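Below, each chain spelled out in residue letters.
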Amino acid sequence: ESKGNRNRARFERVLQGDVTDINALQPLCWSGCTDEHRADTWRLLLRYMPGNKARRADKMRQLRNEYSDAVNKYFNKYDSLSASEYDRTMYNQIAVDLPRTNPSMALFQNTSVQESLHRILYVWAIRHPGTGYVQGINDLVTPFFFVFLREVTGAEESVIISGQVMLQVSEEGMAQVEADCYHCLTNMLDNAQDNYVMDSKGIQEKVFRLKRIIGRLDDKLVAHLESQEVEFLQFAFRWFNCLLMREFSMQCTLRLWDSYVADKMFASFHVYVCAAVLLAFSKDLQAMDFQEIIMFLQKLPTQDWDSDKMDIILAQAYAWAEQFSLSHM
């Protein structure tokens, strides 16, 4: 536990000053946040919460109110008859995707949680007509939702995952969670300097890049997948569309996101994380045929992975990203 205590002390040192030093906070977050500091750290690094403590309360109130005004203006006044075609398409597409959001967690099957996600995503779509809502963005809200819900309620992980937490969260608490999710999602996607693309063409390019990287690191695996006629797109599309969230427990996802929140180039880095995950199973995969490979990759056996395992995956991905950026992969 001493490692945890040391880490806690480091976060407290950086967070307790009158003005938070973002440059000091970033590497701490990249290496993994403590649960109790994650909400504030993410808000700060995503430039949603001001680093200056004196300005913080007013600014947060202002931004949270701004979100609830937007909900009133766009979502609550939505009328399918008078809505533009774009608005109607967005509204309906989100509604269709909501039940598919993180299906392994009962929390996200809760009706009021789905209504909350509908509001967040619809307001986001209206304000981002250039990209609009695309499937996958619904999954990107879930880590924020979990972290801010835990902060507001202080509930145990199991109580949140099961959805029971919704019985104890106040209306006021829920409004705060929702506004914070909206702003953090917005800033995370806006800040992605390597254009975090959600369209299928952008994702296809990333999948091909993943294949090239694997080819350089483990040509035997690539040869075996080709001999079994397994296409990378068959399994890796979802890894990019949902940023691997469907492949991991919430604990592992949060550890992954500590690094992504701390890195504006997370979309490029993600390719290397996918490579590290795939190569963790190289030996298993080389002993399988087409059907077995597809089944295996649809449901990766990561249930016993934890934050320490994610540290190893991230360190591996980081080493390869450095190595390949020099050789311009």
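Scroll up to find the structure this text is about.
Please read these numbers as outputs of a predicted model, since none were measured by experiment.

Caption draft 1: Focus on the overall build of the protein. Scanning the protein from N- to C-terminus turns up 18 helices and 0 strands. Against the globule reference of 20 Å for 329 residues, the protein gives a C-alpha radius of gyration of 20 Å, in line with a compact fold. Taking the principal axes of the C-alpha coordinates as reference, the protein spans close to 60 × 55 × 40 Å. For the protein, the proportion of its 329 residues judged to be buried stands at 52%. Across the protein, contacts joining residues at least 24 apart in sequence account for 73% of those joining residues at least 6 apart. Carbon together with sulfur atoms contributes 49% to the accessible area of the protein, which is approximately 15400 Å² in total.

Caption draft 2: How the structure looks around the layout of surface pockets. Computed from the structure, the largest pocket encloses a volume of approximately 610 Å³. Lining the largest pocket are 24 residues, and of these Lys3, Asn7, Cys33, Thr34 and Ser307 lie nearest its centre. Listed by contribution, the elements that provide at least two residues to the lining of the largest pocket are helix H1 (2-15), helix H3 (35-45), helix H14 (250-261) and helix H18 (307-326). The dominant element in the lining of the largest pocket, judged by the number of residues it contributes, is H1, at 6 residues.

Caption draft 3: Seen up close, the nonpolar core. With 118 residues, the main nonpolar core has Leu107, Phe144, Phe145, Leu149, Leu185, Trp257 and Val273 as its most contacted residues. Tallying contributions element by element places helix H15 (residues 266-279) first for this core, with 12 residues. Here Leu185 is in contact with Ile120, Leu121, Trp124, Ile137, Leu140, Val141 and Phe144, once residues within four sequence places are set aside.

Caption draft 4: Representation of the side chain of Ser282 within the structure. Relative to the elements of secondary structure, Ser282 occurs in helix H16 (residues 282-286). Contact partners of Ser282, with chain neighbours within four places excluded, come to Asp218 and Leu221.

Caption draft 5: Layout of the pattern of salt bridges. For the structure on display, the rule yields 16 salt bridges. Measuring nitrogen to oxygen at the nearest pair gives 2.8 Å for the salt bridge that ties Arg43 to Asp40. Of this pair, Arg43 and Asp40 both sit in helix H3, separated by 3 residues, roughly a single helical turn. For Arg43, a relative accessible area of 2% translates into the label buried. Residue classification places Asp40 among the partly exposed residues on the basis of a relative accessible area of 30%. Among the salt bridges present, the one from Arg255 reaches Asp311, with a minimum N-O distance of 2.6 Å. Separated by 56 residues along the polypeptide, Arg255 in helix H14 and Asp311 in helix H18 bring together distant segments of the chain. Here Arg255 falls in the buried class, since its relative accessible area comes to 5%.

Caption draft 6: How the structure looks around the side chain of His270. The residue His270 is located in helix H15 in this model. If near-sequence neighbours (up to four positions away) are discounted, His270 is found in contact with Trp239, Phe240, Leu243, Leu244 and Tyr260.

Caption draft 7: Seen up close, the packing of aromatic side chains. Evaluation of the coordinates by the stated rule reveals 21 aromatic pairs. Through a chain of ring-to-ring contacts, three or more aromatic side chains come together here, namely Trp30, Tyr260, Phe266, Phe269 and Tyr318. It is Lys309 that lies over the ring of Trp305; its NZ or CZ is 4.8 Å from the centre.

Caption draft 8: Spatial organisation of unusual backbone geometry. In this structure, Asn102 takes a positive phi of about 30° despite not being glycine. Within the secondary structure layout, Asn102 lies in the loop between helix H5 (85-97) and helix H6 (111-127). Judged by its relative accessible area of 8%, Asn102 is buried. A positive phi angle, near 70°, is found at Leu244, a position not held by glycine. Structurally, Leu244 can be placed in the loop between helix H13 (232-241) and H14. Look at Leu244 and you get buried, because its relative accessible area is 0%.

Caption draft 9: A look at the environment of Leu121. The residue Leu121 is located in helix H6 in this model. Here the alpha-carbon distance between Leu121 and Glu151, two residues 30 residues apart in the chain, equals 21 Å. When near neighbours in sequence (up to four residues on either side) are disregarded, Leu121 contacts Ile94, Leu98, Tyr133, Ile137, Asn138, Val141 and Leu185.

Caption draft 10: Structural detail: the packing of H3 against H14. Direction vectors running N to C along H3 and H14 enclose 30°, while the axes themselves pass 10 Å from each other. Taken together, the axes of H3 and H14 lie roughly parallel to each other. As for the relative orientation of H3 and H14, their crossing is left-handed in sense. Across the interface between the two elements, Arg38, Trp42 and Leu45 from H3 touch Leu254, Trp257, Asp258 and Val261 from H14. Considered class by class, the residues forming the contact of H3 with H14 number 5 nonpolar, no polar and 2 charged.

Caption draft 11: Representation of helix H2 (residues 22-30) in the model. Buried within H2 are the following residues: Ile22, Leu25, Leu28 and Cys29. Seen from one end, H2 has its buried residues packed into an arc of 120°, which puts them on one side. Packed against the buried residues of H2 are H1, H3 and H14. The N-capping residue of H2, defined by a side-chain oxygen 3.0 Å from the backbone nitrogen of Asn23, is Asp21. Directly after H2, the chain includes Gly32, whose backbone phi takes a positive value near 115°.

Each value, and the rule that gives it
- Residues numbered from 1 in each chain as written.
- Predicted model: local features only at pLDDT ≥ 70, side-chain atom pairs only at ≥ 80, totals over all residues.
- Heavy atoms only, no water.
- Helix = DSSP H or I, 4+ residues; strand = E, 2+ residues; numbered from the N terminus.
- Rg over C-alpha atoms; globule rule 2.2 N^0.38 Å.
- Buried < 20%, exposed > 50% of the residue type's maximum accessible area, 1.4 Å probe, protein only.
- Contact = heavy atoms within 4.5 Å.
- Areas by Shrake-Rupley, 256 points an atom, 1.4 Å probe, with all protein chains shown as cover.
- 1 Å grid on protein atoms, 1.4 Å probe; cavity = no way out; pocket = protein on both sides within 12 Å on 5 of 7 lines; lining within 4 Å.
- Points joined across faces, edges and corners; volume = space filled by probe spheres on them.
- Core = buried A, V, L, I, M, F, W, Y, C linked by side-chain atoms within 4.5 Å.
- Salt bridge = Lys/Arg side-chain N within 4 Å of Asp/Glu carboxyl O.
- Phe/Tyr/Trp six-rings, centres within 6.5 Å; stacked < 30°, edge-to-face > 60°.
- Lys NZ or Arg CZ within 6 Å of the ring centre and 35° of its normal.
- Axes fitted to C-alpha atoms, helices over the stretch in contact; angles between N-to-C directions.
- Parallel < 35°, antiparallel > 145°, perpendicular 65-115°, else oblique.
- Left-handed = near helix turned anticlockwise from the far one by under 90°.
- Nonpolar A, V, L, I, M, F, W, Y, C, P; charged D, E, K, R; others polar.
- Arc of directions from axis to C-beta.
- Polar contact = N/O pair within 3.5 Å; in protein donor to acceptor, adjacent residues only side chain to side chain.

So, to be careful, I would describe these as geometric facts and stop short of saying anything about function.
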